[in-house]
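# Descriptive analysis of the structure
As a plain string of letters, each chain reads:
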Amino acid sequence: MVQRFLSEEVTRHPSVLYVTLEVKDKQKHLDRYLSYYPEDEWEERREHFVAIRKIHDYLVETAKSANHLIIDSTKLGEAVTQLYSLSLKKLEGLFPEYNKFTKSEPFDESIIHS
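With that out of the way, let us pick up the packing of helix 2 (residues 26-34) against helix 3 (residues 42-65). Contact geometry for helix 2 and helix 3: axes closest at 10 Å, N-to-C directions at 130°. By the angle between their axes, helix 2 is oblique relative to helix 3. Both helix 2 and helix 3 take part in a crossing whose hand is right-handed. Between helix 2, through Lys 26, His 29, Leu 30, Tyr 33 and Leu 34, and helix 3, the contact on the second element is made entirely by Trp 42, Arg 45, Arg 46, His 48, Phe 49, Ile 52, Arg 53 and His 56. Class assignment of the residues belonging to the contact of helix 2 with helix 3 gives a composition of 6 nonpolar, 3 polar and 4 charged.

Here it is as structure tokens:
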């Protein structure tokens, strides 16, 4: 969701964890994007990437100006582990009486398409 389309009431709600994922390295972003398509579609898809990257950069800049957390998802497993850890901390803050959540284990990114 794009932050500017959400009310402040939503973005500041205690149960909301607002995070923007980015892929800092443009080439790695392109490689990841193309990996979702068969090789014979890469040239056509590559043409769309300029617009995709502009949207990516806009979302990152919007998050920076709003002081929202930005996580580099180049290393997907590390990003998922960080998100999981942040989610647990948020839950612990919301439910201090159940402050027994376990620490997150490193995420095995081999189980997903990266």
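We now examine unusual backbone geometry. If you check the backbone angles, Asn 67 has positive phi at about 60° while not being a glycine. Within the secondary structure, Asn 67 is located in the loop between helix 3 and strand 2 (69-72).

The subject of this paragraph is the pattern of salt bridges. Side chains that carry opposite charge are capable of pairing whenever their charged atoms lie near each other. Per the stated rule, a full pass over the model turns up 4 salt bridges. Residues Asp 57 and Arg 53 are paired through a salt bridge, measuring 3.5 Å at the closest nitrogen-oxygen approach. Taken together, the residues span about one helical turn, with Asp 57 and Arg 53 both in helix 3 at a distance of 4 residues. Residue class for Asp 57 comes out partly exposed when judged on its relative accessible area of 36%. The partner of Glu 61 in a salt bridge is Lys 64, and the shortest N-O contact between them spans 3.5 Å.

It is worth spelling out helix 4 (residues 76-94) at this point. The end-to-end C-alpha distance of helix 4 is 27 Å, a good match for the 27 Å that 19 residues give at a rise of 1.5 Å each. Summarising the contacts, the buried residues of helix 4 are in contact with helix 2 and strand 2.

Once that is clear, we can look at the packing of aromatic side chains. Per the counting criterion, the structure on display carries 2 aromatic pairs. For the ring pair Tyr 33 and Tyr 37, a centre distance of 5.5 Å and an interplane angle of 65° mean the geometry is edge-to-face. The buried category is assigned to Tyr 33, whose relative accessible area is 13%. Consider the rings of Tyr 33 and Phe 49, whose centres lie 6.0 Å apart with planes at 35°: the pair is tilted. Here the residue Tyr 33 occupies a position in helix 2, and Phe 49 occupies one in helix 3, the gap between them amounting to 16 residues.

Conventions we followed
- Residues numbered from 1 in each chain as written.
- Predicted model: local features only at pLDDT ≥ 70, side-chain atom pairs only at ≥ 80, totals over all residues.
- Heavy atoms only, no water.
- Axes fitted to C-alpha atoms, helices over the stretch in contact; angles between N-to-C directions.
- Helix = DSSP H or I, 4+ residues; strand = E, 2+ residues; numbered from the N terminus.
- Parallel < 35°, antiparallel > 145°, perpendicular 65-115°, else oblique.
- Left-handed = near helix turned anticlockwise from the far one by under 90°.
- Contact = heavy atoms within 4.5 Å.
- Nonpolar A, V, L, I, M, F, W, Y, C, P; charged D, E, K, R; others polar.
- Salt bridge = Lys/Arg side-chain N within 4 Å of Asp/Glu carboxyl O.
- Buried < 20%, exposed > 50% of the residue type's maximum accessible area, 1.4 Å probe, protein only.
- Expected span 1.5 Å × (residues − 1).
- Phe/Tyr/Trp six-rings, centres within 6.5 Å; stacked < 30°, edge-to-face > 60°.

Worth remembering: the numbers are spatial, not functional.
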